[in-house]
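Residues per chain, in single letters:
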Amino acid sequence: MTQTSDQPSASTIWGGRFAGGPSAVMQRINASIGFDKRLYAQDIRGSKAHCAMLVKAGILSAADGTAIENGLNRILAEIESGQFQFKTELEDIHMNVETRLAELIGEAAGRLHTARSRNDQVATDFRLWVRDTLEGMEGALRGLQAALLDKAEAHAASVMPGFTHLQAAQPVTFGHHMLAYVEMFGRDRSRLKDARARMNECPLGAAALAGTSFPIDRHMTAEALGFDRPTANSLDSVSDRDFALEFLAAAAISATHLSRLAEELVLWTTAQFRFVALSDGYTTGSSIMPQKRNPDAAELVRAKAGRVIGNLNALLIVMKGLPLTYSKDMQDDKEPVFEAADTLELSIAAMTGMIRDLEVNTQRLKDSAGAGFTTATDIADWLVRVAGVPFRQAHHITGRIVRLAEDKGCGLEDLSLEELRGIDARLTADVFSVLSVEASAASRTSFGGTAPANVAAAVAAARQRFL
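Being a predicted model, the structure only gives us computed values, none of them experimental.

With that settled, the discussion passes to the side chain of Asn454. Inspection of the secondary structure puts Asn454 in helix 18 (residues 452-466). What Asn454 contacts, discounting residues up to four positions off in sequence, is Arg444, Thr445, Ser446, Phe447, Gly448 and Gly449.

Turning our attention to the UniProt feature "domain: Argininosuccinate lyase C-terminal" (unreviewed entry) in the protein chain. Residues annotated in UniProt with the feature "domain: Argininosuccinate lyase C-terminal" (unreviewed entry) correspond here to residues 373-440. Secondary structure across residues 373-440 divides into 60% helix and 0% strand, with the first and last C-alpha atoms of the span separated by 12 Å.

The next thing to look at is the confidence of the model for the protein chain. Predicted confidence across the protein chain gives a mean pLDDT of 93, with 95% of residues reaching 70 or more. Confidence drops under pLDDT 50 across residues 1-10; counting only partners more than four residues distant or on other chains, this segment forms 19 contacts.

Another aspect to go through is the layout of surface pockets. A water-sized probe, rolled over the atoms, reveals where empty space remains. Approximately 610 Å³ is the volume found for the largest pocket. Taken together, 21 residues make up the lining of the largest pocket; nearest its centre are His176, Leu179, Ala180, Glu183 and Gly448. Those elements that provide at least two residues to the lining of the largest pocket are helix 7 (174-199), helix 10 (242-268) and helix 18. Within the lining of the largest pocket, the residues separate by chemical class into 11 nonpolar, five polar and five charged. Both domains that furnish three or more residues to the lining of the largest pocket are identified here as domain 2 (118-157 + 171-367) and domain 3 (371-466).

So, about the nonpolar core. A general tendency of soluble globular proteins is for nonpolar side chains to be buried together. Among the nonpolar cores identified, the biggest contains 89 residues, and Phe247 and Met351 are the most heavily contacted of them. It is helix 10 that provides the largest number of residues to this core, a total of 15 residues. Residues within four places of Met351 in sequence aside, it is in contact with Leu144, Leu258, Leu261, Ala262, Leu265 and Val301. One finds Ala376, Val402, Ile423 and Val431 within the second-largest nonpolar core, a separate group that totals 20 residues.

Turning to the pairing of strand 2 (residues 167-173), a few remarks are in order. In the sheet, strand 1 (residues 159-164) pairs with strand 2 via six bridges, with the strands oriented antiparallel. Bridged to Phe163 within strand 2 is Ala168. Between strand 1 and strand 2, which follow one another and run antiparallel, lie two residues, and His165 among them has a positive phi close to 60°.

Analysis parameters
Residues numbered from 1 in each chain as written. Predicted model: local features only at pLDDT ≥ 70, side-chain atom pairs only at ≥ 80, totals over all residues. Heavy atoms only, no water. Helix = DSSP H or I, 4+ residues; strand = E, 2+ residues; numbered from the N terminus. Contact = heavy atoms within 4.5 Å. UniProt positions renumbered as here; feature names shortened; annotations may be inferred. pLDDT = per-residue confidence, 0-100. 1 Å grid on protein atoms, 1.4 Å probe; cavity = no way out; pocket = protein on both sides within 12 Å on 5 of 7 lines; lining within 4 Å. Points joined across faces, edges and corners; volume = space filled by probe spheres on them. Nonpolar A, V, L, I, M, F, W, Y, C, P; charged D, E, K, R; others polar. Domains from an automatic or database assignment. Core = buried A, V, L, I, M, F, W, Y, C linked by side-chain atoms within 4.5 Å. Buried < 20%, exposed > 50% of the residue type's maximum accessible area, 1.4 Å probe, protein only. Pairing = 2+ DSSP bridges.

Below is the structure:
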């Protein structure tokens, strides 16, 4: 029978089961080398550990083991130097490496795959990659926290409006606001560390799904690859992708935190707010409006959160209906993780740069801090603390004072004592001592509060906890 151009000869990967080869379309949809070549370092590392274990177990000769290790080292050098030719017809990183190894050392290369399958091989490679990425991401978030802490320390006493419902609520300090994000990114780091600890089990040796009849030492390979232990169940070993989902979940939460901070930067840089200014390095101009300075970096960080969240959703949908154990659907586990990692890494770097370069308009912050009667709660607190008025009654009295100021078009501090006492005779001149935005912020001395002294102490404590 004549072979057509889109029906190549039987695959050397699958061996003798197939007389004919896959169609061109099948080759395209089946191949993963276009993206899983990113696993090359982890694949070679796993193969070297497997090889050393096979030699120690007497399954592989020392001579073959040496040849395999030398060949893998050469392949690693070829890939890192850009000389390696990845081939789509070889499907994935595993067969690209194995085929090149056979070209270099001959028959011994075929013995490397003893007592393992591509199922446990890819599960191991992917875990190693995610583990390495978790460590790098955690370090990047640490750098962002450092930038935020520097800004918080510099502006521990810079008063600004605090918001609820995006309405002015109470005065806070800019340093206190920055510390809120330090806490958020601290929790992100904690989630990454938790995910790393939970995923640190080695699937290698689970083989296709049932384990192997060869006398392998899975504890040896687990230790060689820096895992705490081998995975306990061979079926779960090759079908689990919880580690990838956990990474994506942690990444999605972190991207959401970045997006919230980015949104505030977008708002704060408008002419209506003018709280901060971004540097030239993180803004762009307009092709038609020469006055524009657009906060494009912040807007893009905000947008990219959607991509990270989408990647989590994509992998959840891939995994939700799969029976045990491995299904080819799981080949689509890597692209969402790779894209999310790249996107989050870029977003963290952009945000770190924006925060480090950020110019804070302290006068504008102070001028805005009192707008919207933000010290009204201080009057209510004064009535409770000094006059012994129950808080609900004090709240009602203060509401009447706010209405009076609103009707007069003035601030609370601009009302006269006579006007205040006309609402409640228990008010005295001492109440004016709490009406400045500085006094309001300084009075919030409860643990975690916005008082400048608290903020300075919290910065020092955060440096100890996080840096």
